[in-house]
Every structure is written in structure tokens, then in C-alpha cells.
Amino acid sequence: MFFALFSTNIILSFTPENFTYTLFFLSLYNYYAAIKLKKDEKIPASALTLAGITIGGLTITNFVKVFIPVLFEKISLKTGKNLEMQP
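Procedures and definitions
- Residues numbered from 1 in each chain as written.
- Predicted model: local features only at pLDDT ≥ 70, side-chain atom pairs only at ≥ 80, totals over all residues.
- Heavy atoms only, no water.
- Helix = DSSP H or I, 4+ residues; strand = E, 2+ residues; numbered from the N terminus.
- Buried < 20%, exposed > 50% of the residue type's maximum accessible area, 1.4 Å probe, protein only.
- Contact = heavy atoms within 4.5 Å.
- Areas by Shrake-Rupley, 256 points an atom, 1.4 Å probe, with all protein chains shown as cover.
- pLDDT = per-residue confidence, 0-100.
- Salt bridge = Lys/Arg side-chain N within 4 Å of Asp/Glu carboxyl O.
- Core = buried A, V, L, I, M, F, W, Y, C linked by side-chain atoms within 4.5 Å.

Undergrad: Talk me through the overall build of the protein; I want residue IDs and the actual numbers.
TA: Within the protein, the secondary structure is distributed over 5 helices and 0 strands. When the helices and strands of the protein are read in sequence order from the N terminus, they spell out α-α-α-α-α. Expressed as a percentage of its 87 residues, the buried residues of the protein come to 22%. For the protein, long-range pairs separated by at least 24 residues make up 52% of all intrachain contacts whose partners lie at least 6 apart in sequence. As displayed, the protein has an accessible area near 7000 Å², and 72% of this comes from carbon and sulfur atoms.

Undergrad: Please provide a residue-by-residue account of the confidence of the model for the protein, values included.
TA: Summary statistics for the protein give a mean pLDDT of 74 and a share of 60% for residues scoring 70 or more. Considering each helix and strand of the protein separately, the mean pLDDT is smallest for helix α1 (residues 2–13), with a value of 64, and largest for helix α2 (residues 20–38), with 87.

Undergrad: Got a sec to walk through the pattern of salt bridges? Specific residues and values, please.
TA: Enumeration over the complete set of coordinates arrives at 1 salt bridge. The closest approach of N and O atoms between Glu41 and Lys36, which form a salt bridge, is 2.9 Å.

Undergrad: Quick rundown of the side chain of Lys36? Include the residues and the values.
TA: With respect to the helices and strands, Lys36 occurs in helix α2. Exposure remark for Lys36: the relative accessible area of 17% places this residue in the buried category. Not counting residues within four places of it along the chain, the set of residues in contact with Lys36 comprises Glu41, Lys42, Ile43 and Pro44.

Undergrad: Go over the nonpolar core with me, naming the residues and quoting the values.
TA: Within the largest apolar cluster, 10 residues are counted, these being Leu26, Tyr29, Ala33, Ile43, Ala47, Leu48, Ala51, Ile55, Val66 and Val70. Broken down by secondary-structure element, the contributors of at least two residues to this core are α2 and α3 (45–55). If you tally residues by element for this core, the top one is α3, at 4 residues. Beyond its immediate sequence surroundings of up to four residues, Ile55 is in contact with Thr22, Phe25, Leu26, Tyr29, Asn62 and Val66.

Below, the structure written as C-alpha cells:
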């Protein structure tokens, strides 16, 4: 009876597209965005679009996560790189 009630949740928890797919592409995109921000470059619109489609394809909340590095881009330009760690 227990497995009958939770069979769908158990099956969905092992599908690779739920967590593994999103984690891989979001990590890869955040690494790319960090490199761009470190070089004081803007993140291209094509990269945002491609990441939004691939990462945000499953849920809308993941689509929003793509635009978080853009917020840091705006902050770093306004404050004159005051966000860097000082030794």
C-alpha cells in the first residue's frame, strides 16, 4: 500500500531530467557568467536566451535563475567594482 501511494514520486525522483539535467546546465552557465563578469564583459543576449531555453525548459523558477548573474553585472557597473574581496 505504501509503494502504491508513492510510486509516482519514487519513479520521478530517479529520472535524470528533474535534477541532474538542471544542475549540470545551471552550473555550467554560472561558470560561464562568472568568467564574463570577472573579465568585465557583459553576458551576451544569445547566451541568456540559450540558457533560458535549456535551463528553464522544465520549470519557470529555473528560468529566473538564469538572470541572477545579470543583477551582479548591473551592481558591479554601478558601484565601480566595490564587491571584490579585499585581503
